[in-house]
2 protein chains.
Amino acid sequence: MTITTRTSQPAVGREWRLRRRPQEQVRDGDFEMVDAPVPQPQPGQALVQTLYVSLDPASRIWISEREGYRPPLPLGEILPASALSRVVASASDEWQPGDLVYGPTGWREWACIGRDTKLNRAVMSIPAQIARDTSFPLPSLLGVAGSSGITAMVGLDQVAAAQSGETVVVSAASGAVGMAVGQIARLRGCRAVGITSGADKCRWLVDTLGFDAAIDRNLPDWREQLADATPDGVDVNFENVGGAVMEATLARMNQNGRVALCGLISGYNQGGAMAADYSPILMKRLNVRGFIASDYIKLWPEMQTQLIDWVRDGKLFHQATVVEGFEQIPATFNRLFDGDKLGKLLVRVAA
Amino acid sequence: MTITTRTSQPAVGREWRLRRRPQEQVRDGDFEMVDAPVPQPQPGQALVQTLYVSLDPASRIWISEREGYRPPLPLGEILPASALSRVVASASDEWQPGDLVYGPTGWREWACIGRDTKLNRAVMSIPAQIARDTSFPLPSLLGVAGSSGITAMVGLDQVAAAQSGETVVVSAASGAVGMAVGQIARLRGCRAVGITSGADKCRWLVDTLGFDAAIDRNLPDWREQLADATPDGVDVNFENVGGAVMEATLARMNQNGRVALCGLISGYNQGGAMAADYSPILMKRLNVRGFIASDYIKLWPEMQTQLIDWVRDGKLFHQATVVEGFEQIPATFNRLFDGDKLGKLLVRVAA
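Here is what the cut-offs are and how they apply
- Residues numbered from 1 in each chain as written.
- Chains lettered and ligands numbered in written order.
- Predicted model: local features only at pLDDT ≥ 70, side-chain atom pairs only at ≥ 80, totals over all residues.
- Helix = DSSP H or I, 4+ residues; strand = E, 2+ residues; numbered from the N terminus.
- Rg over C-alpha atoms; globule rule 2.2 N^0.38 Å.
- Contact = placed C-beta atoms within 7 Å.
- Buried ≥ 20, exposed ≤ 12 C-beta atoms within 10 Å, placed from the backbone.
- Domains from an automatic or database assignment.
- Nonpolar A, V, L, I, M, F, W, Y, C, P; charged D, E, K, R; others polar.
- Pairing = 2+ DSSP bridges.
- Axes fitted to C-alpha atoms, helices over the stretch in contact; angles between N-to-C directions.
- Arc of directions from axis to C-beta.
- Least-squares fit on C-alpha atoms with pLDDT ≥ 70 in both.
- Parallel < 35°, antiparallel > 145°, perpendicular 65-115°, else oblique.
- Left-handed = near helix turned anticlockwise from the far one by under 90°.

**Q** Provide a residue-level description of the overall build of chain A, including the pertinent values.
**A** Looking only at helices and strands, chain A has 12 helices and 17 strands in total. At 20 Å, chain A has a C-alpha radius of gyration in line with the 20 Å of a compact globule built from 351 residues. Counting only C-alpha atoms and orienting by the principal axes, one finds that chain A spans roughly 65 × 45 × 35 Å. By sequence separation, contacts in chain A at least 24 residues apart represent 67% of the contacts at least 6 residues apart.

Structural data, given as structure tokens:
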């Protein structure tokens with residue numbers, strides 16, 4: 001196998017490594033940016049250059065001492081993250097230079113992908129007609145047309161089995177997953193109610209995304225507003241936040257309602273304080289299921305095809321907050337938790 | 001329709017009514033014992049005399065201000081409870097004097113049953129051959145061969161779908177439901193581990209009931225003992241207690257484990273403090289389902305037939321703590337929460 005390349009690449013690239021475990025918010029010095037040789041693709045591999053790095057709340061768990069979806073990330077390791085990348089050199093039949101791929105390559109500028117490791121089996125190729133379609137919003141492939149949209153579909157369809165005519169409440173509604181949940185719930189014929197913070201985000205959810213209602217949880221009477229917005233109760237809660245926000249939704253749920261538990265972001269910076277009332281589960285016979293989209297990886301290609309079609313047809317609106325510069329990744333990370341963003345949070349690393 | 005009677009009955013009987021809502025434990029004066037005329041059965045009804053009143057933790061919710069399975073019981077009402085009763089007069093083709101029935105007749109000595117109300121549709125007749133079988137332990141019809149056993153079967157089979165070879169952990173294991181859960185889990189081929197309080201109860205669970213292991217949560221190292229007793233993790237948690245006990249079990253659960261949430265008794269006397277960590281649901285993709293056996297009422301006759309067979313065949317062991325005297329009901333009620341009982345807690349009202 002010969003290596004085919006389209007562009008020359010530098011000998012050295014940058015990567016962010018975990019230096020110490022953050023206490024509460026991420027701070028200067030928790031990560032260290034280091035230079036590393038750009039790897040050469042081995043047979044069956046391809047070298048990719050990172051275009052966009054996806055910032056996701058679950059990463060906050062991986063860098064804590066908490067046993068989460070996976071063991072805590074060892075100090076000194078590159079932070080795992082999804083990224084949209086371009087193939088620049090290939091020693092694989094599967095990828096050609098210029099191809100766009102999406103996968104868990106982490107906080108680094110260059111990476112080799114292949115099919116030889118479990119991690120790399122999660123790499124997905126972006127269809128060529130999408131990669132060439134200049135009108136298609138590429139960053140959406142990390143958002144509503146990528147893992148965020150897939151997470152929304154898994155939660156709504158596979159976990160909660162949301163049915164047309166039902167009421168779906170989603171928290172962190174203006175975030176990457178939340179904005180996809182509300183829009184897809186509407187496409188499924190559901191009533192979509194979002195909980196977010198701030199009047200601007202509420203207007204955006206209703207006016208731009210088509211949510212049926214949006215609740216500003218900064219208002220003193222937000223619980224009453226949630227009750228008004230769910231006159232027939234709540235059948236499905238797509239939960240991203242936990243704590244008091246989740247409790248308010250659980251209090252509105254109908255008997256035999258379903259909770260797709262996707263995140264507990266309100267506790268991620270608090271050392272794992274993720275407690276909330278269990279009594280609604282009991283009294284209302286709720287079905288609460290935690291899930292992670294990667295458990296449904298066999299369904300991803302089919303889901304992504306649907307999501308891309310929806311984006312191209314104007315049925316699924318994409319929104320990202322994009323910060324420029326690889327060196328900005330850690331500072332940008334905190335915006336996941338302080339609400340200072342709209343839609344997917346991305347760092348653009350290369351053009 | 002003529003009224004057939006076998007025995008004469010008094011003109012007046014006693015009943016316990018809710019006088020004020022208890023704070024924490026039930027206290028003198030929360031209930032009031034009053035005399036009331038013994039009702040005459042109307043066409044389609046039968047008059048029953050209460051033999052045993054069942055005391056159940058869920059009643060503590062009904063008499064609080066909390067919106068539980070049903071709205072709070074209004075002051076002045078008779079406390080709802082299941083009871084085993086004998087028909088003494090009948091104006092119905094369905095019941096004859098001498099029949100045993102089981103139903104939600106409440107804290108009173110005499111009641112009329114019929115098929116004309118929702119409540120009364122829950123009345124079940126005890127098969128005549130059981131009622132006549134002097135070797136059969138009648139009180140078990142309110143315990144392992146009645147609602148407690150049915151609750152255990154619903155949770156294990158319908159809610160958690162426990163499979164042979166799996167590990168089941170049940171809390172409040174020496175209570176009416178818990179003792180049935182462990183025994184039925186064993187009959188299903190599961191490994192049964194119980195959590196209770198006190199060395200005597202632990203020995204009884206293992207030696208008499210056949211649990212694979214029992215954990216005394218009064219011991220300082222009970223969490224380590226739970227870990228040792230579940231070497232393959234926990235597949236099913238039949239949860240009766242909530243709080244720290246539930247959290248310890250959730251910490252041992254395997255990915256995609258199931259929680260049949262039957263009760264949160266540790267919070268019932270605390271004004272509704274039923275909070276616990278939600279993060280294991282998320283990280284381990286657990287399926288947590290609240291349930292109440294009455295939602296499965298169509299399955300009850302079939303389940304009760306099975307349970308009665310198991311009791312008669314010596315495969316299901318019955319145990320009750322029986323207190324004598326209708327006037328003892330409120331004072332006995334607190335023994336549900338302080339651990340001072342074994343198995344089903346009953347008050348015997350008539351011979």
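Anyway, onward from the coordinates.
**Q** How would you explain the environment of Leu187(B) if you had to name every residue and give the values?
**A** Residue and element names in this part refer to chain B. Here Leu187 is to be found in helix 5 (residues 176-187). Since 15 C-beta atoms lie within 10 Å of it, Leu187 is described here as partly exposed. It is 35 Å that separates the C-alpha atoms of Leu187 and Gln270, two residues lying 83 residues apart in sequence.

**Q** Any chance you could break down the domain arrangement of chain A for me, citing the residues and the numbers?
**A** The figure often quoted for interface size is the accessible area lost as the parts come together. Residues and elements named next belong to chain A. When the domains of chain A are assigned, the result is domain 1 (4-143 + 318-348) and domain 2 (147-294). Residue assignment for the side of domain 1 that touches domain 2 shows that the elements contributing at least two residues are helix 1 (58-62) and strand 17 (344-348). For the side of domain 1 that touches domain 2, a count of residues per class yields eight nonpolar, seven polar and four charged.

**Q** For the sheet that holds strand 15 (residues 287-290) of chain A, give the residues involved together with the corresponding values.
**A** What the 12 strands build is an open sheet, ordered 11(A)-10(A)-9(A)-12(A)-13(A)-15(A)-15(B)-13(B)-12(B)-9(B)-10(B)-11(B); its pairing is mixed. On the outer flanks of this sheet lie strand 11 (213-216) of chain A together with strand 11 (213-216) of chain B, each paired with one strand and no other. Strand-to-strand twist of the sheet, defined as the mean angle between neighbouring strand axes without regard to direction, takes the value 15°. Here strand 9 (residues 167-171) of chain B pairs with strand 12 (residues 234-239) of chain B via three bridges, running parallel. Bridge pairing in strand 12 of chain B places Val168(B) opposite Val236(B). Contacting strand 10 (191-196) and strand 11 of chain A, helix 7 (residues 222-229) of chain A runs over the sheet at an angle of about 170° to strand 11 of chain A.

**Q** Which residues make up helix 6 (residues 199-207) of chain A, and what are the values?
**A** Residue and element names in this part refer to chain A. Every buried residue of helix 6 is listed here: Lys201, Cys202, Trp204 and Leu205. The arc that holds every buried residue of helix 6, seen down its axis, measures 165°, which confines them to one face. In this structure, helix 6 carries Ala199, Asp200, Arg203 and Asp207 as exposed residues pointing more than 90 degrees from its buried face. Along its buried surface, helix 6 packs onto helix 5 (176-187), strand 10 and strand 11.

**Q** How would you summarise the relation of the copies chain B and chain A if you had to cite specific residues and measurements?
**A** The transform that puts chain B on chain A rotates by 180° and translates by 0.0 Å along the axis, for an RMSD of 0.0 Å. Such a combination of turn and shift is consistent with a two-fold rotation axis. Across chain B, the smallest distance between a C-alpha and the rotation axis is recorded for Val288(B), namely 2.5 Å.

**Q** Could you give me a rundown of helix 6 (residues 199-208) of chain B, with the residues and numbers involved?
**A** The inward-facing, buried residues of helix 6 of chain B contact helix 5, strand 10 (191-196) and strand 11 of chain B. The first or second residue beyond helix 6 of chain B is Gly210(B), which carries a positive phi of 85°.

**Q** How would you summarise the interface of chain B and chain A if you had to cite specific residues and measurements?
**A** At the interface, 26 residues of chain B touch 25 residues of chain A. When residues of the side of chain B that touches chain A are traced back to their parent elements, those giving at least two are strand 14 (275-277), helix 9 (279-283) and strand 15 (287-290) of chain B. In the side of chain B that touches chain A, the residues fall into 14 nonpolar, seven polar and five charged. Bridge count between strand 15 of chain A and strand 15 of chain B: three bridges; the pairing is antiparallel. If you follow Asn287(A) over to strand 15 of chain B, its bridge partner there is Arg289(B).

**Q** Give a description of the packing of helix 4 (residues 147-159) of chain B against helix 5 of chain B that names residues and reports values.
**A** Residues and elements named next belong to chain B. The geometry of helix 4 relative to helix 5 is characterised by a closest axis approach of 8 Å and an angle of 55° between their N-to-C directions. In this view, helix 4 runs oblique relative to helix 5, as classed from their interaxial angle. As helix 4 packs across helix 5, the resulting crossing turns out to be right-handed. Here Ser148, Gly149, Thr151, Ala152, Met153, Gly155 and Leu156 of helix 4 lie close against helix 5, whose contacting residues are Ala176, Val177, Ala180, Val181, Ile184 and Ala185. Looking at the contact of helix 4 with helix 5 residue by residue, the class counts come to nine nonpolar, four polar and no charged.

**Q** Hey, could you go over unusual backbone geometry for me, with residue numbers and the actual values?
**A** In this structure, Glu24(A) is a non-glycine residue whose phi angle is positive, near 50°. Along the chain, the position of Glu24(A) falls in the loop between strand 2 (12-18) and strand 3 (31-37). Backbone geometry at Ala172(B) places phi at a positive 50°, although glycine is not the residue there. By the secondary structure assignment, Ala172(B) is in the loop between strand 9 and helix 5. With 27 C-beta atoms packed within 10 Å, Ala172(B) lands in the buried category.

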